[in-house]
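Spelled out from the first residue to the last, the chains are:
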Amino acid sequence: MSTTPSWHEKLLGGFRKTSDKLVGNLAGLGGARLDAETLDDIEEALIASDLGPDTAGRIRTRLAEGTFERNMEELGIRLVVAEEVEKALARVATPLEVTAFPRPQVILVIGVNGSGKTTTIAKLAHLLMEQDYGVMLAAGDTFRAAAIGQLRTWADRVGVPIVTGPEGGDAAGVVWDAVKKATETGIDVLIVDTAGRLQNKRELMDELAKIRRVLGRINPASPHDVVLVLDATTGQNALSQIEVFKEVAGVTGLVMTKLDGTARGGVLVAAAEKYGLPIHAIGVGEGMTDLRPFDPAEVSRIIAGVDQGIAK
């Protein structure tokens, strides 16, 4: 009998801190008449759980509809939370699809240093290989020697080819070489690492613009995806990163990592509600298979603490 946890079990474990935080914040708010004061308390509890003001406001409005004269137990409130969270996530839960023709499909992966960008690239490559796509990596973060070495190590571990250049070299040149090699060898997907420095937004913007120009000469539709990797442990700071990277890089989709290490997983919902960008996958562990697309209904019930495995 296999002892490997299922994806559902990984989600339960990964979101436990987030669920405990939300359940704790709502504790004691059920069973009373849902008057304006109680509704205000519930809304504040949801914002404190990192769900964001938009989602919290919608849940408050939903609870207020015809309920002022009746009581609602805490579990009933959390069921409403689960339904409204699901609505927010259902609009954005979108697996990354490989549809580009001619190949390769070029995916620029961006994000601040420390967000889990390099390991996310490896896990994304593994996920695509499971779907029988040929994958190649390009070490477009030439700013740090460590980034090139780390990506090469992960490429070897996953078993995919990689194109690199010298430290401090021209990132656009690396990408040009990678696209040529991927095209010549029939690769389906080229995943490009990029620099994560935000201290100088102009420098980063200029570098990404140059990469885009180079790619456009090869295929006007490229890059096909610009995926921002977000570290859930940064909480609301992740939202400001979306704002900045939308400006400098034209983000087309998100991946949220490290959900298993934080009680701030509600920021997944806040990001969905505020920006509406596709969320291609979430990470709930360090293993190669711990990055996956997600089911909005399943994740919503786990966050709200009403999944049968963690109902409190």
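Our subject is the structure that appears above.
Summarised in this report is the structure supplied together with it. As the structure is a computational prediction, the values presented were derived from the model and not from experiment.

Considering the overall build of the protein
Moving on, step 1. Scanning the protein from N- to C-terminus turns up twelve helices and eight strands.
Moving on, step 2. Computed over its C-alpha atoms, the radius of gyration of the protein comes to 21 Å, within 12% of the 20 Å expected for a compact globule of 312 residues.
Moving on, step 3. A principal-axis box enclosing the C-alpha atoms of the protein has dimensions of 70 × 50 × 35 Å.
Moving on, step 4. In the protein, buried positions account for 53% of the 312 residues.

Examining the sheet that holds strand E3 (residues 162–163)
Moving on, step 1. The eight strands lie next to each other as E3-E2-E4-E1-E5-E6-E7-E8, forming an open sheet whose pairing is mixed. Edge positions in the open sheet fall to E3 and strand E8 (291–292), since each of these has one partner strand only.
Moving on, step 2. Here five bridges tie strand E1 (residues 105–110) to strand E4 (residues 189–193), and the two strands are oriented parallel to one another. Looking across to E4, one finds that leucine 108 is bridged to valine 192.
Moving on, step 3. Running over the sheet, helix H6 (residues 117–130) touches E1, strand E2 (135–139), E4, strand E5 (225–231), strand E6 (253–257) and E8 and is turned about 175° from E4.

Some thoughts on the nonpolar core
Moving on, step 1. By size, the foremost hydrophobic cluster in this structure holds 79 residues, and its most contacted members are Phe15 and Val81.
Moving on, step 2. Those residues in contact with valine 81 that sit more than four places away from it in its chain are Leu22, Leu26, Leu46, Leu51, Ile59 and Ala304.
Moving on, step 3. The next biggest cluster of nonpolar side chains, apart from the first, holds 27 residues, and it includes Ala125, Ile148, Val158 and Val227.

Observations regarding the packing of aromatic side chains
Moving on, step 1. Across all of its chains, the model carries zero aromatic pairs by this definition.
Moving on, step 2. For arginine 157, the ring lying beneath its charged end belongs to tryptophan 154, and the centroid distance is 4.3 Å.

A short note on the packing of H6 against helix H7 (residues 145–158)
Moving on, step 1. Two elements in contact, H6 and H7, have axes whose closest approach is 9 Å; the angle formed by their N-to-C orientations is 25°. Between H6 and H7, the angle is such that the two are roughly parallel. Along this stretch, H6 crosses H7, giving a crossing that reads as right-handed. Where H6 approaches H7, its residues Thr118, Thr119, Ile121, Ala122, Ala125, His126 and Met129 are matched on the opposing element by Gln150, Leu151, Trp154 and Val158.
Moving on, step 2. A breakdown of the residues in the contact of H6 with H7 according to their chemical character gives seven nonpolar, four polar and no charged.

What about the pairing of E4?
Moving on, step 1. Counting buried residues in E4 gives five out of five residues, a clear majority hidden from the surface.
Moving on, step 2. By the alternation rule, side chains of E4 split into Val189, Ile191 and Asp193 and Leu190 and Val192, which are all buried.
Moving on, step 3. Of the strand pairs in this sheet, E2 and E4 are connected by five bridges, and their pairing is parallel. Note on E4: the bridge partner recorded for methionine 136 is leucine 190.

Section: the side chain of threonine 38
Moving on, step 1. Note on placement: threonine 38 falls in helix H3 (residues 36–48).
Moving on, step 2. If near-sequence neighbours (up to four positions away) are discounted, threonine 38 is found in contact with Leu29 and Arg33.

Points about the environment of valine 229
Moving on, step 1. Inspection of the secondary structure assignment puts valine 229 in strand E5.
Moving on, step 2. For valine 229, a relative accessible area of 0% corresponds to the buried category.
Moving on, step 3. For the pair valine 229 and alanine 270, spaced 41 residues apart in sequence, the C-alpha to C-alpha distance is 15 Å.
Moving on, step 4. Beyond its immediate stretch of four places on either side in the chain, valine 229 contacts Val109, Ile110, Gly111, Ser115, Gly116, Lys117, Thr120, Val255 and Thr257.

Focus: the pattern of salt bridges
Moving on, step 1. Per the stated rule, a full pass over the model turns up 17 salt bridges.
Moving on, step 2. When salt bridges that share partners are traced, they join Arg58, Arg62, Glu83, Glu84, Lys87, Arg91 and Glu273 into one network.

A word on helix H4 (residues 53–64)
Helical geometry: 3.6 residues make up each α-helical turn, so side chains three or four residues apart lie on a common side.
Moving on, step 1. Between its first and last C-alpha atoms H4 spans 16 Å; for twelve residues at 1.5 Å apiece the expected length is 16 Å, and the two agree.
Moving on, step 2. Within the span of H4, buried status applies to Thr55, Ala56, Ile59 and Leu63. One face of H4 carries all of its buried residues, which in axial projection span an arc of 100°.

Observations regarding the layout of surface pockets
Moving on, step 1. Of the voids in this model, the largest pocket is the one considered here, and its volume is about 220 Å³.
Moving on, step 2. Lining the largest pocket are 13 residues, and of these Thr119, Lys123, Lys258, Gly285 and Glu286 sit closest to its centre.
Moving on, step 3. The biggest single contributor to the lining of the largest pocket is H6, with three residues.
Moving on, step 4. When grouped by side-chain class, the residues that make up the lining of the largest pocket number two nonpolar, seven polar and four charged.

Details of the side chain of aspartate 231
Moving on, step 1. Residue placement: aspartate 231 occurs in strand E5.
Moving on, step 2. If sequence neighbours within four positions are ignored, aspartate 231 has contacts with Gly114, Ser115, Ala238, Thr257 and Lys258.

Details of the environment of leucine 215
Moving on, step 1. On the secondary structure map, leucine 215 appears in helix H9 (residues 201–218).
Moving on, step 2. Sequence separation of leucine 215 and lysine 10 is 205 residues, and the distance between their C-alpha atoms is 38 Å.
Moving on, step 3. Among all residues touching leucine 215, those that are not within four sequence positions of it are Val106, Leu108, Val175, Val179, Ser222 and Pro223.

What counts, and at which threshold
Residues numbered from 1 in each chain as written. Predicted model: local features only at pLDDT ≥ 70, side-chain atom pairs only at ≥ 80, totals over all residues. Heavy atoms only, no water. Helix = DSSP H or I, 4+ residues; strand = E, 2+ residues; numbered from the N terminus. Rg over C-alpha atoms; globule rule 2.2 N^0.38 Å. Buried < 20%, exposed > 50% of the residue type's maximum accessible area, 1.4 Å probe, protein only. Pairing = 2+ DSSP bridges. Contact = heavy atoms within 4.5 Å. Axes fitted to C-alpha atoms, helices over the stretch in contact; angles between N-to-C directions. Core = buried A, V, L, I, M, F, W, Y, C linked by side-chain atoms within 4.5 Å. Phe/Tyr/Trp six-rings, centres within 6.5 Å; stacked < 30°, edge-to-face > 60°. Lys NZ or Arg CZ within 6 Å of the ring centre and 35° of its normal. Parallel < 35°, antiparallel > 145°, perpendicular 65-115°, else oblique. Left-handed = near helix turned anticlockwise from the far one by under 90°. Nonpolar A, V, L, I, M, F, W, Y, C, P; charged D, E, K, R; others polar. Salt bridge = Lys/Arg side-chain N within 4 Å of Asp/Glu carboxyl O. Expected span 1.5 Å × (residues − 1). Arc of directions from axis to C-beta. 1 Å grid on protein atoms, 1.4 Å probe; cavity = no way out; pocket = protein on both sides within 12 Å on 5 of 7 lines; lining within 4 Å. Points joined across faces, edges and corners; volume = space filled by probe spheres on them.

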